[in-house]
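Structural description and commentary
Below are the chains, spelled out letter by letter.
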Amino acid sequence: MGSSNEKRGKGCWCWLFIILIAAAVVAAAVITIKNKNDKSHPKAPPVPGPPGAITQKYADALKAATQFFNVQKCIVCIVYFRFWAEWRCDFIIAAGKLVNNKIPWRGDSALKDGSEEDVDMSKGMYDAGDNMKFNFPMAFTATVLSWTILEYGDQMDVVKQLEPAQDSLKWITDYLINSHPSENVLYIQVGDPEADHKCWQKPESMTEARPVTQVNTSSPGTEVAAETAAALASASLVFKKINSTYSDLLLKHAGQLFTFANTYRRSYSVSIPKVQTYYNSTGYGDELLWAASWLYHATEDMSYLKFVTGKDGKQFGNFGNPTWFSWDNKLAGAQVLLSRVNFFGQEERSNDEKLGLQMYRKTAEAVMCGLLPDSPSATSSRTDGGLIWVSEWNALQHPVAAAFLAIVYSDYMLTSQTASIYCSGKTYTAADLRNFAKSQADYVLGDNPMKMSYLVGYGDKYPEYVHHRGASIPADAKTGCKGFEWLESTEPNPNVAVGALVGGPFQNETYIDSRNNSMQGEPTTYNSAIIVGLLSGLLTTSSVVRSFT
Ligand SMILES: *[C@@H]1O[C@H](CO)[C@@H](O)[C@H](O)[C@H]1NC(C)=O
Ligand SMILES: *[C@@H]1O[C@H](CO)[C@@H](O)[C@H](O)[C@H]1NC(C)=O
Ligand SMILES: *[C@@H]1O[C@H](CO)[C@@H](O)[C@H](O)[C@H]1NC(C)=O
Ligand SMILES: *[C@@H]1O[C@H](CO)[C@@H](O)[C@H](O)[C@H]1NC(C)=O
Ligand SMILES: *[C@@H]1O[C@H](CO)[C@@H](O)[C@H](O)[C@H]1NC(C)=O
């Protein structure tokens, strides 16, 4: 702990101790009396004020996690060496061209992305261990990052992670704005995945063509346009007080993209079948509701509320059925986000809207009941160690995303002094949900049978053979496209991709730390967004704001 503490006199600590004990005795007495008086209507604990004491463990993990966005930025500073893990390099990359480059072993990459169609798509983030930019999951990354900042910005600020998170968000939203050159055209991808996967190279050495792909009125892509709308609408709230011009610009694009998505309804997986190989979408209804929910929060325009509570809500809401929150399915996210309106802002709604909002909250509650390990409707998709486990590929995406929703919902309960939720007759508190969220985070950070952290750069033992081109190739290597010797090398990665959250364990809780094991060992930017969200929520118990605007 900080040395300044040690300098304080012992007498001082002793007094503090006595005062604390006295305070605890009084508090206990008050609580006992209160409980006696109020047995039938248990009240939730009082709402805590601004961020309280920070849990150091989650702060340390968060500091690691936010760095992966820098790793994935498409210009310079791709990977930090271990010593320099604390460095930030945004100032070097801000202009796109190198200024004050203090990291001689790194250079620009993907500067010309988009130039063939006269759009500047040089920013943005690589998707995972390869050098592709896939806008569908990238936009989801931005939406989750925005949501995290909106709910937990205060506490992120206390541990100095707010600005880095805002910078990373803007690095994506700048790119998304540029991807949307006219109302009904949205670029959705840079790079050719076939060509990209035939190369094992650092982004800086890329020479192959980087084709761009678009959706438009003849080949629409409702989910990708709607997710981009969600990203830009949520980000417009983040930047509202920082730069209102930028915020307005984000909102303008968000509104146009929602109209485009909603008017020309077709899945991008249908319009452009080749996208199915990597980020196949299983439907666009969830993105429409999610985007409308964010637009409602950003604009307070009732037409968006009517959209989610009216016939589109009924058609796509899948009410009553819990789902897994992921880059492909945002229903559970929309349910929690709209519960926010139900928890905090019911006054001026019509009965239909109130009823509609109730359906979202009820379904969000069903999601929560599924997650709580001892609830009657608990999901059985778990490992013996208690980790939510749904899919073999990138297994950690589901537990981490679910735990993020649980912590948000728990804080809505706390802030609104909602004592409990009901799961088939049993009651659970905000603290139960927080404990669930903690259990998932703790598992990820090392409390697991492998006794390893799945977050690179956190803890004593973490994956050393992450499936990541930039991390696996020495900075001075000249191997170009055919750098497969670095994939096959038995040495650990020469560069540490700090903050990478890998795919994670098998259902039997084992993990094979091997570079070609992309199923378990490949990090993604959207994994980083959800772990940043979860860790930010766990920093301290605190109330959330009642309104984003
Ligand atoms: C519309 O998008 C499709 C699919 O990406 C593309 O093949 C087509 O060329 C685009 N249309 C125009 C006018 O650019
Ligand atoms: C605010 O955002 C606008 C639009 O992106 C930009 O042109 C302007 O430079 C920004 N202002 C500041 C102070 O950063
Ligand atoms: C993509 O998703 C659709 C809808 O769920 C499904 O029908 C299709 O088989 C999937 N494609 C691939 C390649 O998995
Ligand atoms: C764990 O599961 C994986 C994948 O199903 C399997 O390959 C491996 O052999 C299992 N390990 C043990 C120790 O059971
Ligand atoms: C890596 O895995 C891929 C896909 O499973 C396989 O085609 C390739 O041969 C493997 N490469 C090495 C070096 O093991």
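Predicted model only: the values in this text are computed from it and were never measured.

In a regular helix each residue adds 1.5 Å, so 20 residues correspond to 28 Å; helix α10 (residues 244-263) covers 28 Å between its end C-alpha atoms and thus fits that length. Within α10, burial applies to Y246, S247, L250, H253, A254, G255, L257, F258, F260 and A261. Its side-chain oxygen placed 3.0 Å from the backbone nitrogen of T245, N243 serves as the N-cap of α10.

What follows is about the state of the cysteines. By the definition in use, this model includes two disulfides. With a sulfur-sulfur separation of 2.0 Å, C199 is cross-linked through a disulfide to C481. Given an S-S torsion of about -90°, the disulfide between C199 and C481 has left-handed geometry. One end of the pair, C199, is in the loop between α8 (193-197) and β3 (212-215); the other, C481, is in the loop between α20 (469-472) and α21 (484-488), with 282 residues separating them in the sequence. Using a relative accessible area of 5% as the deciding quantity, one classes C199 as buried. What makes C481 partly exposed here is its relative accessible area of 24%. Put simply, C369 and C423 are joined by a disulfide, and their sulfur atoms are 2.0 Å apart. Sign of the S-S torsion, about -80° for the bond between C369 and C423, identifies this disulfide as left-handed. Linking C369 in helix α17 (residues 351-371) with C423 in strand β4 (residues 421-423), this pair joins segments that are 54 residues apart in sequence. Residue C369 shares its accessibility class with C423, and that shared class is buried.

Below, the discussion takes up the site of ligand 3. Close to ligand 3 lie Q276, N280, S281 and T282. Between ligand 3 and the protein, one listed contact pairs a nitrogen atom with a side-chain N or O atom of Q276 at 2.9 Å. At 2.4 Å from an oxygen atom of ligand 3 is found a side-chain nitrogen or oxygen belonging to N280. For ligand 3, whose unbound accessible area comes to 360 Å², protein coverage reaches 38%. Tallied by class, residues from the shell around ligand 3 come to no nonpolar, four polar and no charged.

Under the feature "active site" (unreviewed entry), the UniProt entry names H467. Assignment of secondary structure puts H467 in the loop between α19 (430-444) and α20. With a relative accessible area of 8%, H467 lands in the buried category. For H467, the contacting residues outside a window of four places in its chain are G129, W200, L487, R515, N516, S518, G521, E522 and P523.

To continue, consider the pairing of strand β2 (residues 186-190). Across the five residues that make up β2, a large majority, five, are buried. For strand β1 (residues 133-134) and β2, the ladder comprises two bridges, and the chain directions are antiparallel. Bridge pairing in β2 links F134 to Q189. Inspection of the sheet shows β2 paired to β3 by four bridges, in the antiparallel sense. Its bridge partner being in β3, L186 is matched across the sheet by V215.

Glancing now at the pattern of salt bridges. Under the counting rule described, the total for this entry stands at 12 salt bridges. A salt bridge links K311 to D312, with the nearest nitrogen and oxygen atoms 3.9 Å apart. The salt bridge partner of R434 is D411, with a shortest N-O separation of 3.4 Å. Note that R434 is positioned in helix α19 and D411 in helix α18 (residues 397-415), a separation of 23 residues in sequence.

Our next topic: the sheet that holds β3. If you walk across this open sheet you meet the three strands as β1-β2-β3, and the pairing is antiparallel. Every other strand in the sheet has two partners, leaving β1 and β3 as the edge strands with one partner each.

With that settled, the discussion passes to helix α6 (residues 135-158). Of all the bends in α6, the greatest measures close to 85° and is centred on Y152. Within α6, 21 of the 24 residues are buried, which leaves it mostly tucked inside the rest of the structure. Once α6 finishes, K160 follows within two positions and takes phi at roughly 60°, a positive value.

The geometry of an aromatic ring pair comes down to the distance between the two centres and the angle between the two planes. The tally for this structure, following the rule as stated, stands at 24 aromatic pairs. Between F258 and F307, the ring centres sit 5.3 Å apart and the planes meet at 80°, which makes this aromatic pair edge-to-face. Placement of F258 in helix α10 and of F307 in helix α14 (residues 302-309) is noted, with a sequence separation of 49 residues between them. This pair shows no difference in class: F258 is buried, exactly as F307 is. On the basis of an interplanar angle of 80° and a centroid distance of 5.7 Å, the ring pair of F344 and Y412 is categorised as edge-to-face. On the criterion of sequence distance, the pair formed by F344 in helix α16 (residues 331-344) and Y412 in helix α18 is long-range, its members being 68 residues apart. This pair shows no difference in class: F344 is buried, exactly as Y412 is. Within the aromatic cluster, the residues linked to one another by ring pairs are F134, F136, Y268, Y278, Y279, W327 and Y526.

Analysis parameters
- Residues numbered from 1 in each chain as written.
- Chains lettered and ligands numbered in written order.
- Predicted model: local features only at pLDDT ≥ 70, side-chain atom pairs only at ≥ 80, totals over all residues.
- Heavy atoms only, no water.
- Helix = DSSP H or I, 4+ residues; strand = E, 2+ residues; numbered from the N terminus.
- Expected span 1.5 Å × (residues − 1).
- Buried < 20%, exposed > 50% of the residue type's maximum accessible area, 1.4 Å probe, protein only.
- Polar contact = N/O pair within 3.5 Å; in protein donor to acceptor, adjacent residues only side chain to side chain.
- Disulfide = S-S within 2.5 Å.
- Near = heavy atom within 4 Å.
- Areas by Shrake-Rupley, 256 points an atom, 1.4 Å probe, with all protein chains shown as cover.
- Nonpolar A, V, L, I, M, F, W, Y, C, P; charged D, E, K, R; others polar.
- UniProt positions renumbered as here; feature names shortened; annotations may be inferred.
- Contact = heavy atoms within 4.5 Å.
- Pairing = 2+ DSSP bridges.
- Salt bridge = Lys/Arg side-chain N within 4 Å of Asp/Glu carboxyl O.
- Bend = angle between axes of the 7 residues up to and from the residue.
- Phe/Tyr/Trp six-rings, centres within 6.5 Å; stacked < 30°, edge-to-face > 60°.

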